[in-house]
Amino acid sequence: MHYAEITGWGKCIPPARITNDDIATVVDTSDEWISSRTGIKARHISHVSTAELATVAAQRALDCAGVDAEQLDLVLVATCTPSTMVANTASEVQQRLGAKGAATCDSNAACSGFLYALQMATAQIQAGMIKTAVVVAAERMLWYVNWALRDSAVLFGDGAGAVVLQASEQPLGLLASKSGCDSSDRSILHISNFGTNVNKYQTIGGSDLNFVGPEIFKRAVKGMSVACDDVLSQAQLSLDDIDVLVPHQANLRIIQSIQQRLKVDDDKVMVNIDEYGNTSAATIAIALCEAVERGMVKPGANIMSAAFGAGLTWAASYIKW
Ligand code: ACO
């Protein structure tokens, strides 16, 4: 049995930063409304493509691992904001990295995308099909945002995070995982005016991000908490064994509710939504990277991560660092 050890990590945060007060100059909102309901104080906006954000994060992860791009067998990009639909974003990342010959694939599970992609790449390594992969989550959520819709405009941000996975005999990396989707409720979170369902002769104005916030809130708390419990029992662990919880960053109150349900101490929970907002698939990849930078994640640490997003997709993973 091979394992897929995480040997490198990196992130790319666009330098341009938008505070809540900045948003309040163009949208009828306030710092008080946004921060008290979501915990968000700022977000970063990208002026470069999703593929460029992804490439910077991936290159940093490769440098961290000491892996040359030509060693990569797979470039997997989790995104719901691809640079182009055809060819895939991962092929541009492959070209920019110089990862000649590596397989390339984009995967879209919205906010659960990074954990889904981590599961897929890990499974290929565990099966002995490949030896080295980079899993990148990259998003330009602010490209979707319709600034006329204040309920969604304040929530999102841009950014990317990446990890390098390498085949190992050591029991490290993703060791237990569960994912799923409650599609019967997919209408409570969707963008209706992009994709082949849209008449191609229709003029598309801004994106039409439809969501029912309070419903998503409840389902996200329950979905991520239950998924964590399932993965803990799969791994035959208890919460006391977990050193760090890295949840999807959609709303600080969602994170706090999960923390209360699971009874996890404050100092074990990675939170950075205040600075980045919701970067969809990228939140966990960026948060994982920052948890290492902050010294919360040390070699051998037991990490639990959970995500919830459009679909309604969900996932939880136990990672041995
Ligand atoms: N600024 C000021 N007022 C606003 C804003 C805004 N940006 N947006 C909405 N409002 C108003 C509404 O018009 C409404 O006014 P009304 O009561 O006069 O009709 C009122 O604020 C709604 O306020 P609350 O009910 O207090 O809002 P709530 O507590 O439900 O918070 C929020 C809304 C933050 C969206 C919350 O539901 C949430 O976080 N949901 C889950 C996160 C989510 O849906 N994320 C989308 C991505 S999915 C994911 O990542 C899991």
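The shown structure was predicted, so the numbers you read here are calculated from the model rather than taken from an experiment. (Residues numbered from 1 in each chain as written. Predicted model: local features only at pLDDT ≥ 70, side-chain atom pairs only at ≥ 80, totals over all residues.)

(A) Representation of the packing of helix α8 (residues 213-234) against helix α9 (residues 252-262) in the model. Where α8 contacts α9, the two axes come as close as 9 Å, and the packing angle between them is 40°. Between α8 and α9, the angle is such that the two are oblique. In the crossing of α8 with α9, the sense of the turn from one axis to the other is right-handed. Mapping the contact onto sequence places Phe217, Ala220, Val221, Met224, Ser225 and Cys228 in α8 and Ile254, Ser257, Ile258, Arg261 and Leu262 in α9. Along the lines of polarity and charge, the residues of the contact of α8 with α9 split into eight nonpolar, two polar and one charged. (Axes fitted to C-alpha atoms, helices over the stretch in contact; angles between N-to-C directions. Helix = DSSP H or I, 4+ residues; strand = E, 2+ residues; numbered from the N terminus. Parallel < 35°, antiparallel > 145°, perpendicular 65-115°, else oblique. Left-handed = near helix turned anticlockwise from the far one by under 90°. Contact = placed C-beta atoms within 7 Å. Nonpolar A, V, L, I, M, F, W, Y, C, P; charged D, E, K, R; others polar.)

(B) Highlighting the site of the ligand. Every one of the 21 residues lining the ligand counts as a neighbour, but Thr29, Gly213, Ile216, Ala250 and Asn251 are closest to it. When contributions to the shell around the ligand are tallied by element, the ones reaching two or more residues are α2 (31-38), α7 (150-153), α8 and β12 (302-309). In terms of residue count, the dominant contributor to the shell around the ligand is α8 (five residues). Partitioning the shell around the ligand into residue classes produces 12 nonpolar, six polar and three charged. In terms of domain composition, the shell around the ligand takes at least three residues from each of domain 1 (3-171) and domain 2 (175-320). (Near = placed C-beta within 6 Å. Domains from an automatic or database assignment.)

(C) Here's a closer look at the UniProt feature "domain: Beta-ketoacyl-[acyl-carrier-protein] synthase III N-terminal" (unreviewed entry) in the chain. UniProt's feature table lists "domain: Beta-ketoacyl-[acyl-carrier-protein] synthase III N-terminal" (unreviewed entry) at residues 106-182, given in the numbering used throughout. A helix fraction of 29% and a strand fraction of 40% characterise residues 106-182, whose end C-alpha atoms lie 22 Å from each other. (UniProt positions renumbered as here; feature names shortened; annotations may be inferred.)

(D) Highlighting the environment of alanine 117. Along the chain, alanine 117 falls in helix α5 (residues 113-126). Along the sequence, alanine 117 and glutamate 70 sit 47 residues apart, while their C-alpha atoms lie 21 Å from each other. Apart from residues lying up to four places away in sequence, alanine 117 is in contact with Leu76, Ala78, Ser107, Val135 and Ala137.

(E) Just the UniProt feature "active site" (unreviewed entry) in the chain, in detail. As annotated by UniProt and renumbered to match this structure, "active site" (unreviewed entry) occupies Cys111, His248 and Asn278. Separation in sequence by 168 residues is not matched in space for these annotated residues, since their most distant C-alpha atoms are only 8.6 Å apart. In this structure, histidine 248 sits in the loop between β11 (244-247) and α9. Of the residues examined, histidine 248 has 29 C-beta atoms within 10 Å and is grouped as buried. Those residues in contact with histidine 248 that sit more than four places away from it in its chain are Cys111, Thr283, Ile284, Ala306, Ala307 and Phe308. Checked against the element boundaries, asparagine 278 lands in the loop between α10 (273-276) and α11 (282-293). (Buried ≥ 20, exposed ≤ 12 C-beta atoms within 10 Å, placed from the backbone.)

(F) Spotlight on the domain arrangement of the chain. Domains assigned within the chain are domain 1 (3-171) and domain 2 (175-320). Centre-to-centre, using C-alpha coordinates, domain 1 lies 14 Å away from domain 2. Every contact between the two is made by 43 residues of domain 1 and, on the other side, 43 residues of domain 2. Partitioning the side of domain 1 that touches domain 2 into residue classes produces 24 nonpolar, 13 polar and six charged.

(G) Just unusual backbone geometry, in detail. Following valine 86, the chain continues into alanine 87 via a peptide bond in cis, with omega recorded as 0°. Here glycine 311 and leucine 312 are connected by a cis peptide whose omega angle stands at -5°. Within the secondary structure, leucine 312 is located in the loop between β12 and β13 (313-320). Unusually for a residue other than glycine, glutamine 236 sits at a positive phi of about 55°. Turning to its location among the elements, glutamine 236 is positioned in the loop between α8 and β11. The exposed category is assigned to glutamine 236, around which 8 C-beta atoms lie within 10 Å.

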